[in-house]
Amino acid sequence: MKLTFLGTGAAEGIPSPFCDCDTCEHARANAGRNIRRRQSVVINDHLLIDLGPDLFASCAQLGLSLCQIETILITHSHLDHFDPSNLIMRAKAFRLSTELPEIPVIAGPSVWMKWDESGGSDQKAQIRRTPILPGRSVEASGYSIRSIEASHNSRIGDAMNYIIDDGKVTLLYASDSGMYSETVWKELDGYRFDAVVLEGTIWGRPSAREHLNEEDFRKMLERMREIGAVTDQTMVIATHFSHQGWAGPHEEIEAKAQRLGALCAYDGLTLHIDPTEES
């Protein structure tokens, strides 16, 4: 399984244009891996997770085309994860010389409500609406996808993390969630993940219900190890960082993640997960 990180930042990105904190000022001065666009990930070049407002800029900078995307998976309806204009721009009027197939978009009810409110048309965007709720499973483009309830967006209640299996690799995509409920831990019992993408939004701040700080990141991994979902062979990747989560350069948060046994994602990072390779 190949993972390509198009964006690794939280809601405001880094730097936030309305902020002069140390992290934002450092990012402006040093650029490189300190710049974080709003989060989006591509799996195996044809499964896209989330459609945030930086998607087009990220693809342009990284030289990526989304013409080969076969399935889109949305975690929740917050703007940094679902900007309806991205799908609107998929319409034939904006790509006259390019033919694209109809593709499934898998998302919860609040995403579809936002899409409808935007005036989006399934037919024009050439998408096949595939509603999903926490605890449900769906097959798409050769993937087995199971949704689990994220501890996030509690006013709406349909934010999801996803277990994605391509037949060789099982990935837990766990962005935008605080500590899991006991119900979710019971669902995870019996899984063994080859890779876990885990958020660290509020890394250096006090614990909160809807995001992870450094200590809660550690606790999540410890609990996953206790139930056998994470082993020494599991690749753990930290992502979804906020400029308000810590003060410092990419190298500082990278070192902190490494001490917990995790890689630190950055925009443009590509990883290959192969459970047959020796560690």
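In what follows, the accompanying structure is described. (Residues numbered from 1 in each chain as written. Predicted model: local features only at pLDDT ≥ 70, side-chain atom pairs only at ≥ 80, totals over all residues. Heavy atoms only, no water.)

### Here's the deal with the overall build of the protein chain
Each helix and strand counted, the protein chain has eight helices and 14 strands in total. Reported as C-alpha extents along the three principal axes, the dimensions of the protein chain are approximately 50 × 45 × 40 Å. Of all 279 residues assigned to the protein chain, the portion counted as buried reaches 52%. In the protein chain, once contacts between residues fewer than 6 apart in sequence are set aside, the share between residues at least 24 apart is 69%. Total accessible area computed for the protein chain in this model is approximately 12,300 Å², and 49% of it derives from carbon and sulfur atoms. Put simply, the protein chain has 27 plus and 40 minus side-chain charges, and the middle of one group is 3 Å from the middle of the other. (Helix = DSSP H or I, 4+ residues; strand = E, 2+ residues; numbered from the N terminus. Buried < 20%, exposed > 50% of the residue type's maximum accessible area, 1.4 Å probe, protein only. Contact = heavy atoms within 4.5 Å. Areas by Shrake-Rupley, 256 points an atom, 1.4 Å probe, with all protein chains shown as cover. Lys, Arg positive; Asp, Glu negative; His and termini not counted. Charge placed at Lys NZ, Arg CZ, Asp CG, Glu CD.)

### Details of the sheet that holds strand E7 (residues 137-140)
As summarised here, the arrangement of the seven strands in space is E7-E8-E9-E10-E11-E12-E13, forming an open sheet in which the pairing is mixed. Of all the strands in the sheet, the pair left with one neighbour each is E7 and strand E13 (263-264). Looking at chain direction, strand E11 (residues 195-199) and strand E12 (residues 235-239) are connected through five bridges and run parallel. Its bridge partner being in E12, Glu199 is matched across the sheet by Thr239. (Pairing = 2+ DSSP bridges.)

### Points about the sheet that holds strand E1 (residues 2-7)
Strand order in this open sheet of seven strands is E6-E5-E4-E3-E2-E1-E14, and the pairing throughout is mixed. Single-partner strands in this sheet number two, and they are strand E6 (127-131) and strand E14 (270-272). Between one strand axis and the next, the sheet turns through 20 degrees on average, direction left out of account. Across the face of the sheet, helix H2 (residues 55-62) comes into contact with E1, strand E2 (40-43) and strand E3 (47-49) while running at roughly 115 degrees to E1. (Axes fitted to C-alpha atoms, helices over the stretch in contact; angles between N-to-C directions.)

### What to know about helix H7 (residues 214-226)
When the terminal C-alpha atoms of H7 are compared, their 19 Å separation across 13 residues agrees well with the 18 Å that a helix rising 1.5 Å per residue should span. Of all the positions in H7, only Asp216, Phe217, Met220, Leu221 and Met224 are classed as buried. Down the axis of H7, the smallest arc covering the buried residues is 140 degrees, so these residues share one side. Considering only its buried residues, H7 is in contact with strand E10 (170-174), helix H6 (182-188), E11 and E12. Taking the backbone nitrogen of Glu215 as reference, a side-chain oxygen 3.3 Å away marks Asn213 as the first, capping residue of H7. Positive phi appears at Gly228, one or two residues downstream of H7, with a value of about 85 degrees. (Expected span 1.5 Å × (residues − 1). Arc of directions from axis to C-beta. Polar contact = N/O pair within 3.5 Å; in protein donor to acceptor, adjacent residues only side chain to side chain.)

### Considerations on the environment of Ala265
Checked against the element boundaries, Ala265 lands in the loop between E13 and E14. Placed 120 residues apart in sequence, Ala265 and Ile145 show a C-alpha to C-alpha distance of 23 Å. The residues contacting Ala265, other than those within four sequence positions of it, are Phe5, Thr8, Arg36, Ile237, Ala238, Thr239, Phe241 and His250.

### A closer look at H2
Count 3.6 residues to each turn of an α-helix, and residues three or four apart come out pointing the same way. The set of residues buried in H2 consists of Leu55, Ser58 and Cys59. The buried residues of H2 occupy an angular sector of 95 degrees when projected down its axis, which confines them to one face. Facing away from the buried side of H2, by more than 90 degrees, are the exposed residues Ala60 and Gln61. Buried residues in H2 make contact with E1, E2, E3 and helix H3 (85-88). Just downstream of H2 lies Gly63, where phi reads positive at about 70 degrees.

### Focus: unusual backbone geometry
Backbone torsion omega between Ile14 and Pro15 reads 0 degrees, so that peptide bond is classified as cis. Take Pro15: it is sitting in the loop between E1 and helix H1 (22-30). One non-glycine residue, Ala31, lies in the positive phi region at around 50 degrees. With respect to the secondary-structure elements, Ala31 resides in the loop between H1 and E2. When its relative accessible area of 33% is taken as the criterion, Ala31 is described as partly exposed.

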